[in-house]
Every structure is written in C-alpha cells, then in structure tokens.
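# Architecture and fold: a report
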Amino acid sequence: MVSASDRATNSGNDSGKDSATKPVKDSGTNSGNGSGKDPEAAPGKDSEPAPARTSVWLDGRTSSRNRRTESPAGLDRNRITEASVRLLDAEGLAKFSMRRLAAELDVTAMSLYWYVDTKDDLLELALDSVYAEVAPPREDADWRDRLRELARSYRELLVRHIWISPLAGTFLNIGPNSMLFSYAVQDVIRATGLPLERQTGALSAVSQFVYGFGTVEGHFKARCEATGLTEDAYHRHAMGTIRAQPHLRAIVESSDDLMAARGGDTVEEMRERDFVFALDLLIAGIEAKCDRTGSATTAAQ
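Here the structure is a predicted model, which means the values were calculated and not measured. (Residues numbered from 1 in each chain as written. Predicted model: local features only at pLDDT ≥ 70, side-chain atom pairs only at ≥ 80, totals over all residues. Heavy atoms only, no water.)

What follows covers the confidence of the model for the protein. Summing up the model confidence of the protein, the mean pLDDT is 82 and the portion of residues at 70 or higher is 75%. The low-confidence segment residues 7–45, where pLDDT is below 50, has 47 contacts with residues more than four positions distant or belonging to other chains. When the criterion is pLDDT under 50, residues 62–69 qualifies, and its contacts beyond four places in sequence or with other chains add up to 14 contacts. (pLDDT = per-residue confidence, 0-100. Contact = heavy atoms within 4.5 Å.)

The structure is reproduced here in structure tokens:
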C-alpha cells in the first residue's frame, strides 16, 4: 500500500544505505587469475562502474554472467524465492545472505546465480511473492468495507513478515503481486467519489497509516517473542520500569486517564480498538471531503 511515488522516492534515497540490500560481490568464484576479477570481462572495462540495477522486474537479461554449465537439478526461481521467504521469516533481514540461502537449499552459492544476479534480486522476488497473501476484497461490497478489508489484510501481512517494511520502502515494488495489490487499492479509492486530483492523497493517508501501524505492531511482537514474554507481560514490565523513573513518572501519570478511557484489558484489545477507530477516522475524512466537494459543485452550478 506504499504509493508508487513514495516507492520511487525511497528507492532512490535509500540506495546503498542498507547493508542487507547491497549487491553481492564475487570474491573468489571468478578469481582464477588471482585478481578477483572476472577473467571473461572485456579488456579495459574493469574500471567502469556497473550500471545501476533499477529493479529485477525491469531486467530482461537472464544474467549478467556467461553460463557454460547446465542449470542445477531441482532448482528453480520459485523454489529459491520460497526458501528466501522462509529464511527471512526465521532469521530476519540482517542475517540473510546468499551463502545462508544456499545452505538452506543444500546447493552451492554459485548455483543461485543461475537465477539471480544479486541479493537485491532475491529480496525483490521474496517481497513480491508475499503480496500474493493479501486477500482481495469482496467486489460487491461498499467501498468502505472493501477499504477496511484491504487495510486489515495489509496490516496482517506486515506483522507476519516484519522484513517487508524496510524493503517496501527501498524497492520500486512493481512485481506482479504488488501491482495487483496496488490496483485493488486504487479501485477502492476511485469508488469513494473523491475528485481525481484528491485520490492520491487519500490513498497515501490510508496506506501510510496501515504501513506504520503494521510495522510497529510487527516489531513489538517480535521484541516480545525475543524476550520470552507475552505482550501483556512485556507491557507491564515496560510501564513499571518507566514509572520507577522520577523524571518519567509524571509524564506517564498525566496520561493515566487517557489510557483508562482507551479501554481493553489486553495489549491486543487496546491495539485493535486503536486500529479500528483510526481507520474509521480516515474513512470519515474521505466521506467529509466527498460531501464538501459535492456541495461546492452544486453551489457553483
């Protein structure tokens, strides 16, 4: 649900910042001459920088390397992508590597280069594959209900795969599953009745809210799991620690009435109430804008 313009901006700004998405270098596989350089590279070309890879989905080449052997038996891009998702779920983005993936698949690291050129390619493929998990909304439902269904499904995706968040802001997200998801969201926004020039703003408001909410929720759950505590136990421990600090106690106590009015006996209940109400506020805002635009049009006529 990150907008196309946001993706393009983030893709350009984040290039090279995240060590988890830097291209993998061949440091020995092509170093028969002892230089670490590809012996088949064109003469005089070693000093020229490689062209920037925009996206695996925009690369029509099968590979940047010359292949002289047959494809490894039993290996294909789908199997590699599925294994990448499993590994990212189990170990996280920071520990993901070509060598670790090769070990998971019980193949050599160089076997993976039959199907991808860099680790970024794998991450893009994994990212797009999980967007297929977003359930399409009911076609015959009101736009409000369709928007709620898409928002909830996207939130659940972000919580289920916490490594999605940084990647969604790094890559263009123009794979087939991501594009289908974007089209579904755009269809709902079109159905709101907002003027065309206002629709991207509505899309951005909802998408960025869900993206942020799901990201925080996912990382909070992962943190609780890492400490061996339930969400409620972790929350009680955190609040107790804060209240024990004199310079923080006053701030927390000043919001006691707010927290009490929030309702919910568990962290999950409180979080669910917040999500539902916040999304209702956004929907109400869209409705209000539609009504205001309609009134203005009628008055002008």
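Now that the structure is up, let's keep going.
Moving on: the nonpolar core. Of all hydrophobic cores here, the largest spans 55 residues; its most connected members are Leu 101, Trp 163 and Ile 164. Elements that contribute at least two residues to this core include exactly helix H2 (77–91), helix H3 (98–105), helix H5 (119–130), helix H6 (143–160), helix H7 (164–168), helix H8 (176–191), helix H9 (196–227) and helix H13 (267–300). (Core = buried A, V, L, I, M, F, W, Y, C linked by side-chain atoms within 4.5 Å. Buried < 20%, exposed > 50% of the residue type's maximum accessible area, 1.4 Å probe, protein only. Helix = DSSP H or I, 4+ residues; strand = E, 2+ residues; numbered from the N terminus.)

The next subject is H9. Side chains of residues three or four places apart in an α-helix project in the same direction, reflecting 3.6 residues per turn. For H9, spanning 32 residues, the distance from its first C-alpha to its last is 48 Å, which sits close to the expected 46 Å at 1.5 Å a residue. Just beyond H9, the residue with positive phi is Gly 228, at close to 80 degrees. (Expected span 1.5 Å × (residues − 1).)

Once that is clear, we can look at the environment of Leu 58. With respect to the helices and strands, the residue Leu 58 is situated in the loop between helix H1 (4–13) and H2. By relative accessible area, which is 56% here, Leu 58 ends up exposed. Aside from chain neighbours lying at most four places away, what touches Leu 58 is Leu 172 and Ile 174.

Let us now look at the environment of Asp 274. Structurally, Asp 274 can be placed in helix H13. Considering only alpha carbons, one finds Asp 274 and Arg 262, 12 residues apart in sequence, at a separation of 8.2 Å. Not counting residues within four places of it along the chain, the set of residues in contact with Asp 274 comprises Phe 213 and Arg 262.

A separate point is the packing of aromatic side chains. Under the defined criterion, the tally for this structure stands at 6 aromatic pairs. For the ring pair Tyr 154 and Phe 181, a centre distance of 5.2 Å and an interplane angle of 40 degrees mean the geometry is tilted. Taken together, the residues Tyr 154 in helix H6 and Phe 181 in helix H8 connect sequence positions 27 residues apart. The pair Tyr 154 / Phe 181 is uniform in exposure class, with both members buried. One aromatic cluster is present, formed by Tyr 131, Tyr 154 and Phe 181 through successive ring pairs. The ring of Phe 275 has Arg 155 lying over it, and the distance from NZ or CZ to the ring centre is 4.4 Å. (Phe/Tyr/Trp six-rings, centres within 6.5 Å; stacked < 30°, edge-to-face > 60°. Lys NZ or Arg CZ within 6 Å of the ring centre and 35° of its normal.)

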